[in-house]
Number of protein chains: 2
Amino acid sequence: MSTSVMVIGAGPAGLQAASTLSHLGFDVTLVEQQDYLGGAVARHQYQVLMPDFSSGPELLSRLIERVDNDSHITVYTGTQVEEVSESHDIFTIKLSGANQKTLQSQAVVLATGFDHFNPARDGKYGYGLFPDVITGAELEEMFAKGPIRRPSNGEIPQSVAFIYCVGSRDRQVGNTYCSRVCCAVSAKQAIELREQLPKARISMFYMDVRTYGLWEDTLYWRSQEEAGVVYVKGRIAEVTEQHGRPVLKGEDTLVRGPFEWPFDLVVLAAGMEPSGGTREMADKFQVSLESHGFIKQAGAIHNASLTDHPGVFVAGAASGPKAIEDSISEGDVASLAVFEYLKAKVTL
Amino acid sequence: MSTSVMVIGAGPAGLQAASTLSHLGFDVTLVEQQDYLGGAVARHQYQVLMPDFSSGPELLSRLIERVDNDSHITVYTGTQVEEVSESHDIFTIKLSGANQKTLQSQAVVLATGFDHFNPARDGKYGYGLFPDVITGAELEEMFAKGPIRRPSNGEIPQSVAFIYCVGSRDRQVGNTYCSRVCCAVSAKQAIELREQLPKARISMFYMDVRTYGLWEDTLYWRSQEEAGVVYVKGRIAEVTEQHGRPVLKGEDTLVRGPFEWPFDLVVLAAGMEPSGGTREMADKFQVSLESHGFIKQAGAIHNASLTDHPGVFVAGAASGPKAIEDSISEGDVASLAVFEYLKAKVTL
């Protein structure tokens, strides 16, 4: 009998893990609660990916085709993990829904991803109240569906503001961590916006610009030099509305002055939070969470995929905010950790 | 005959790759030009690692022991790659030094790491001129060797300044990229310093604080709240010396004022540059470099280890500034890419 591994969550990390595990010789069950594969990339229809402006649909096709064409991977969509029990290092897992099966797995990879922070939880942004205040994910959906227009009146926006760190680095909403990719994603979006809006004023309101590593030139500098985007160091105290336009009130911490600045469109760079699925699976598979509710990495620097429960591994944003490229790398890292774990059990 | 893979460079990425490749069934040759294993972690005797304050020597022991105890890995230290030729997808590689051998490999992993920017190249920091101006790597060596003292007079420093982005994000020195880990490493060092120097003033001079992701609490906030470190947004125009102490001249961009501020000890957070070995190996194995001289990642978002030369893979800081944990992950990613590459060649 071949060895069976379950991967839970079919975003980039889970898709990569499923495929790599199969190549390493395992029979893989991939379980996804949504009725589609691709995770957040599919959910928000990301067309153009950070950092390299490559195609979101192409990335997904490639990841999904490899899984679909692999006879050693069984995919269950629209399916949840209902019950888990464990005996002699074998997990017995009962699935919900149309696929009400009970399966056995020798190891599990949790790739349960993230949810975006919902800015309606913080009244100061006017999200849900003012139609021209949208999230970065909603901007991605606008890019996918057609030209960029103001939701309130269908007009072309002449001015766009990005507010950074919405729901991140913010004690008041309870998320003290940084979401790691929003600075760079916003810069990417501003560069894309410039193509559609050659004359619009585009302003970024930030605490720190965290386009780290090689993203510095390709995103931060490019957004300024090629796309004419302006960065303003400042905290937004409140978004209000005047004459049908959102108004940003805050303080420019560099020129030390308060401002009240109307924009046609305001994009909230909403951060990442542990998904409901992440918390649920952590509970069902008895792995610890770190202080923010992400799955705690037990091996820390030694191996990114180790949890504190032998046989249960983690990949992607389930263990913290992460770029797509890092999530895909972690799909590989988790697969190898499963390989080492099961090999050690056989040879010992 | 089993398949042979050469790993060049024995820092964390190369050590991890060698071990993982062996576990995947390959015969591995690990070539290191220094006469020790461990790369920058060994070179600078890192005792306490960012981000998790784990032990550097323990990490190295674990990585090195796995390689030493593996009969499928042959290690050549003090050895360089002298000549490379390629025919029918087989690399013929002539090694230098005491091990003047010629070996054949079906695939190669370049894990040639980074060099620290040498601040003597930028006169404004006074490095090499004023003894109390040191680099972050030299501070790590001080941590390893004994108590922290001023190099000029052996006294306990009462005030310490960290200057961020030395040789990074700096067009004048030609390095426009961000080195990705120095903000967090400096915060870690400040926290360690506080243990030894309970009363010293510790100030960080930064452009943006890039303690991204979950490093935000454990390094940035902790350095402020537990260690009483003060962050000053400001650019340093020049380091001079007065009365035997380094003096920082610059402008605080938040309070909009120039300052001239003496410190007992100044730590330069010097960034990462492509190592000499990286450039040399890229040339010998005919892989392209990106604009800064790091090895160009050809697969970008799909796979972190692909170069534009089939059969040649990259891991760790050879392709750009990177934390140790990411370098170790990439050792795994590169190993799997080798595995997929050689498997495809066998089955096709």
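These figures come from a predicted structure and were not determined experimentally.

### Some points on the overall build of chain A
Regarding its fold elements, chain A presents eight helices and 19 strands. Taken over the C-alpha trace, chain A has a radius of gyration of 22 Å; the compact-globule value for 348 residues is 20 Å, and the two agree within 12%. Classification of the 348 residues of chain A by burial places 61% in the buried group. Contacts in chain A between residues far apart in sequence, at least 24 positions, make up 64% of those at least 6 positions apart. Accessible surface, chain A: about 13,200 Å² in total, of which carbon and sulfur atoms supply 49%. Side chains of chain A carry 30 positive and 43 negative charges; the gap between the two charge centres is 4 Å.

### Some thoughts on the sheet that holds strand S8 (residues 102-105) of chain A
Residues and elements named next belong to chain A. In space, the three strands of this open sheet follow the order S6-S7-S8, with antiparallel pairing throughout. Each of the sheet's edge strands pairs with one partner strand only, and the pair in question is strand S6 (81-87) and S8. Direction aside, the axes of adjacent strands within the sheet are offset by 20° on average. Two elements, S6 and strand S7 (residues 90-95), share six bridges in a ladder whose sense is antiparallel. Pairing of Glu 83 across the sheet is with Lys 94, part of S7.

### A few points about the interface of chain A and chain B
Across the boundary between the two partners, chain A contributes 55 residues, which contact 56 residues of chain B. Regarding the contact of chain A and chain B, the summed buried area is about 4,500 Å², with carbon and sulfur atoms giving 55% of it. The largest per-residue losses of area from chain A upon contact with chain B belong to Leu 214, Ile 301 and His 302 of chain A, which jointly make up 16% of the total buried on that side. At the junction of chain A with chain B, the criterion picks out six salt bridges. Taken together, chain A and chain B are joined by 22 residue pairs in polar contact (both at pLDDT 80 or more). For the side of chain A that touches chain B, the element with the highest residue contribution is helix H8 (residues 324-347) of chain A, accounting for ten residues.

### Describing the domain arrangement of chain A
Note on interface size: it is often stated as the accessible area lost on association of the parts. All names here are of chain A. You can read the domains of chain A as domain 1 (4-113 + 275-343) and domain 2 (117-271). Relative placement of domain 1 and domain 2: their C-alpha centres are 31 Å apart. Contacts between the two partners involve 17 residues from domain 1 and, on the opposite side, 21 residues from domain 2. Between domain 1 and domain 2, a total of about 1,500 Å² is buried, with carbon and sulfur atoms accounting for 67% of that surface. One salt bridge in this structure joins Asp 326 and Arg 180, with 3.6 Å as the shortest N-O distance. In this structure, the connection of domain 1 to domain 2 is made through two residue pairs in polar contact (both at pLDDT 80 or more). Among the elements of the structure, strand S3 (48-49) and H8 are those that each provide at least two residues to the side of domain 1 that touches domain 2.

About the thresholds
- Residues numbered from 1 in each chain as written.
- Chains lettered and ligands numbered in written order.
- Predicted model: local features only at pLDDT ≥ 70, side-chain atom pairs only at ≥ 80, totals over all residues.
- Heavy atoms only, no water.
- Helix = DSSP H or I, 4+ residues; strand = E, 2+ residues; numbered from the N terminus.
- Rg over C-alpha atoms; globule rule 2.2 N^0.38 Å.
- Buried < 20%, exposed > 50% of the residue type's maximum accessible area, 1.4 Å probe, protein only.
- Contact = heavy atoms within 4.5 Å.
- Areas by Shrake-Rupley, 256 points an atom, 1.4 Å probe, with all protein chains shown as cover.
- Lys, Arg positive; Asp, Glu negative; His and termini not counted.
- Charge placed at Lys NZ, Arg CZ, Asp CG, Glu CD.
- Pairing = 2+ DSSP bridges.
- Axes fitted to C-alpha atoms, helices over the stretch in contact; angles between N-to-C directions.
- Buried area = accessible area lost by both parts, 1.4 Å probe.
- Salt bridge = Lys/Arg side-chain N within 4 Å of Asp/Glu carboxyl O.
- Polar contact = N/O pair within 3.5 Å; in protein donor to acceptor, adjacent residues only side chain to side chain.
- Domains from an automatic or database assignment.

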